[in-house]
Amino acid sequence: MSQAAERIRQAATRKPKEKLTALLHHVTTDVLEASYFMLKKDAAAGVDGVTWKEYGNGLEERLLDLHDRVHSGAYRALPSRRVEIPKPDGGTRPLGIAALEDKIVQTAVAETILTPIFEPEFLGFSYGFRPGRGAHDALDALAYGIERRKVNWIADADIRAFFDQLDRGWLIKFVEHRIGDRRIIRLISRLLGAGVMEEGEWRDTLRGVPQGSSVSPILANIYLHFVLDLWFQGKWRARIARGETIIVRYADDFVVGFQYKRDAERFLCDLKDRLADFLLELHPDKTRLIEFGKFAMTNRRARGERRPETFDFLGFTHYCRTTRKGRFGLGRKPIGKRVNRTLKRIKAELRRRMHHNIHEVAKWLGRVVGGWLRYYAVPTSFRFLNRFVLRLMRMWLRALRQRSQKDRFTWNRVGILAAAFWPPLRILHPWPTTRFAVKTRGRSRMV
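The sections below set out a description of the structure shown in this document. (Residues numbered from 1 in each chain as written. Predicted model: local features only at pLDDT ≥ 70, side-chain atom pairs only at ≥ 80, totals over all residues. Heavy atoms only, no water.)

**Concerning the overall build of the protein**
The condition that has to hold: Helix and strand labels come from DSSP, where a helix needs a run of H or I of at least four residues and a strand needs a run of E of at least two; each type is numbered from the N terminus. The atom set for the radius of gyration is the C-alpha atoms, and the globule formula is 2.2 Å times the number of residues raised to the power 0.38. Accessible area is worked out with a 1.4 Å probe on protein chains only. A residue is then buried under 20% of its type maximum, exposed over 50%, and partly exposed in between. Note on contacts: a residue pair qualifies if any of its non-hydrogen atoms lie within 4.5 Å across the two residues. Asp and Glu are treated as the negative residues and Lys and Arg as the positive ones, with His and the ends of the chain left uncounted. By convention, the point assigned to a charge is CZ for Arg, NZ for Lys, CD for Glu and CG for Asp.
Broken down by element type, the protein carries 17 helices and 11 strands. In terms of C-alpha radius of gyration, the protein reaches 25 Å, essentially the compact-globule figure of 22 Å for 447 residues. Its C-alpha atoms give the protein principal-axis dimensions of about 70 × 65 × 40 Å. By residue count, 51% of the 447 residues in the protein fall in the buried class. For the protein, long-range pairs separated by at least 24 residues make up 71% of all intrachain contacts whose partners lie at least 6 apart in sequence. Separation between the mean location of the 84 positive side-chain charges and that of the 49 negative ones in the protein comes to 10 Å.

**Quick look at a positive patch on the surface**
Just so we agree on the cut-off: Residues qualify for a patch when their relative accessible area is over 30% and they have no salt bridge, like charges being joined within 9 Å and the nonpolar side chains of Val, Leu, Ile, Met, Phe, Trp and Tyr within 5 Å. Only the protein chains shown count as cover for residues, with accessible areas throughout obtained via the Shrake-Rupley method and a probe of 1.4 Å. By definition here, a salt bridge exists when the distance from a side-chain nitrogen of Lys or Arg to a carboxyl oxygen of Asp or Glu is within 4 Å.
A surface patch of like charges, here positive, comprises Lys347, Arg351, Arg391, Arg394 and Arg398. When contributions to the positive patch are tallied by element, the ones reaching two or more residues are helix H13 (336-352) and helix H15 (382-401). Following the sequence through the fold, Arg394 ends up in helix H15.

**Focus on helix H16 (residues 411-421)**
Formally: Arc definition: it is the arc formed by the directions from the helix axis to the C-beta atoms.
Listed in full, the buried residues belonging to H16 are Val414, Leu417 and Ala418. Down the axis, H16 shows its buried residues gathered within 100° of arc, on one side only. More than 90 degrees from the buried face of H16, the exposed residues found are Asn412, Ile416, Ala419 and Ala420.

**So, the nonpolar core**
Condition: Residues belong to a common nonpolar core when they are buried Ala, Val, Leu, Ile, Met, Phe, Trp, Tyr or Cys residues joined through side-chain atoms within 4.5 Å.
Ranked by internal contacts, the top residues of the largest apolar core, which has 80 residues, are Leu114, Ile179 and Ile222. Considering each element in turn, this core owes the most residues, 13 residues, to helix H10 (residues 216-240). Beyond its immediate sequence surroundings of up to four residues, Ile179 is in contact with Lys19, Leu20, Leu23, Ile113, Leu114, Ile117, Phe118, Ile184 and Ile185. One finds Val248, Leu330, Trp364 and Ala418 within the second-largest nonpolar core, a separate group that totals 57 residues.

**Considering unusual backbone geometry**
Even without a glycine there, the phi angle at Ala251 is positive, about 60°. Even without being a glycine, Leu279 presents a positive backbone phi close to 65°. Structurally, the position occupied by Leu279 is in the loop between helix H11 (261-277) and strand E8 (288-291). The class for Leu279 is partly exposed, based on a relative accessible area of 43%.

**So, the packing of aromatic side chains**
Just so we agree on the cut-off: Note on ring pairs: Phe, Tyr and Trp rings are taken, using the six-membered ring of Trp, and paired if centres are within 6.5 Å. Classes follow the plane angle, with under 30 degrees stacked, over 60 edge-to-face and the rest tilted.
Within this structure, the stated rule accounts for 28 aromatic pairs. Aromatic pair Phe174 and Phe278: ring centres 5.9 Å apart, planes at 50°, arrangement tilted. Placement of the pair is Phe174 in helix H8 (residues 168-175) and Phe278 in the loop between H11 and E8, with a sequence separation of 104 residues. With respect to class, Phe174 is no different from Phe278; both count as buried. Judged by centre distance (4.4 Å) and plane angle (10°), the ring pair of Trp372 and Phe388 falls under stacked. With Trp372 in helix H14 (residues 358-376) and Phe388 in helix H15, this pair connects stretches of sequence that are 16 residues apart.

**Notes on the sheet that holds strand E9 (residues 311-313)**
Rule in force here: Two strands are said to pair when DSSP picks up at least two bridges between them. Inter-axis angles, ranging from 0 to 180 degrees, are taken between N-to-C directions of lines fitted to C-alpha atoms, where helices are fitted over the stretch in contact.
What the three strands build is an open sheet, ordered E9-E10-E11; its pairing is antiparallel. At either end of the open sheet lies a strand with only one pairing partner, and these are E9 and strand E11 (328-334). Each strand of the sheet is rotated relative to its neighbour by a mean of 40°, with strand direction disregarded. Where strand E10 (residues 316-322) lies against E11, seven bridges are found, and the strand directions are antiparallel. Counted as the bridge partner of Arg321 is Gly329 from E11.

**A closer look at the pattern of salt bridges**
Under the defined criterion, the tally for this structure stands at 21 salt bridges. A salt bridge links Asp181 to Arg183; the nearest nitrogen and oxygen atoms lie 3.1 Å apart. Residue classification places Arg183 among the partly exposed positions, given a relative accessible area of 35%. Salt-bridge contacts for Glu349 lead to Arg353; the nearest nitrogen and oxygen are separated by 2.7 Å. Residues participating in the shared-partner salt-bridge network are Glu291, Arg300, Arg303 and Glu305.

**Looking at H8**
How we decide: Residues adjacent in sequence count toward polar contacts only when both atoms are side-chain atoms; beyond that, a polar contact is any pair of N or O atoms within 3.5 Å, and within protein one must be able to donate a hydrogen and the other to accept it.
Taken together, the buried positions of H8 are Arg168, Leu171, Ile172, Phe174 and Val175. End-on view of H8: buried residues confined to an arc of 160°, all on one side of the axis. If you check the start of H8, you find a side-chain oxygen 3.1 Å away from the backbone N of Gly169, and it comes from Asp167.

Listed below in structure tokens is the structure:
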């Protein structure tokens, strides 16, 4: 954290109920320079076509000019370049690639102004895009809540096109809760209103924030902090729920657990009305209520029903399992569609590298496996990881045999290369309840 950000954080903490009115002067040329070096050097260029390296030529003069325009009010953000990336469900997700100068300003505003002010106010069960928190912290909190709290029902909710549909008017009002500097408000409004360039045409829907921009994660957290988090914690959980509840939110993806079915059903009904007040809606096909938890397996078995349904969260399919001692346990495995999509991409790359040096390909595959294990090697997932590795080895063997009709590459040789260049298959993460208990020590409500 920069000195400017630390001073703002201290002021926001000292005066939790007051608006901060003098902030723009903290956006100095040094802050802009630090923001420039925080950007990805190989990131795609925006509509201006300027890359990180090109902007670095004459960097001092460029930043002085940018600083003058920001402080004089002459700065105008360029529209983002719209690109579509594939989604796990087969659709596409629009991303906005900002011009490099706009990335610098966005990063400066997000890291120096917004994060120091709002980070201390965010609640414990919010995990996405926050300093010192990651996806596995959210997964640990969810596992702890399901296994240690009275959770029998899970509401798996999805907000339809959240980043595209959030209302900018409400967003500015939420930001104004703590920021009284009209110059910062105007700067944020200009960043939001820059629009997008798509197929050579400029357009602006007057709603949403571009996914992929430096400032969109903190703005999304601010929006959902007021729309969802405070409402759930201060009103719904405290005054309406009759039984225990848990909630874990990672950006716009959240899971809520309940002790009683009637609480879960009322929550989904109330949530629908709450989101409608802020021009949002639940996705009808992706929002569902399932029986899940300690007693779900026995209750469903007594009713003659199949085993409990599963739900997906942050790349993992969560399912009910029975431990060796016969107790309930939460199981987690990589989402099947994500596994298939990853293997499909690897297959295409193996075809491209078909005639490359075998040892170099083995090293590359080792890096792929290592990255996969660093995220997915959690307790209860070992057999699923083993399947992934075996499928990858078979795929590599087929690719090697396709190099020539006379190729006699064997399975044993693939195994030797994998043993030499791939990381060993083992669980890398501790049990989630253990890690969560160590991190929180019972001092913070994080579910």
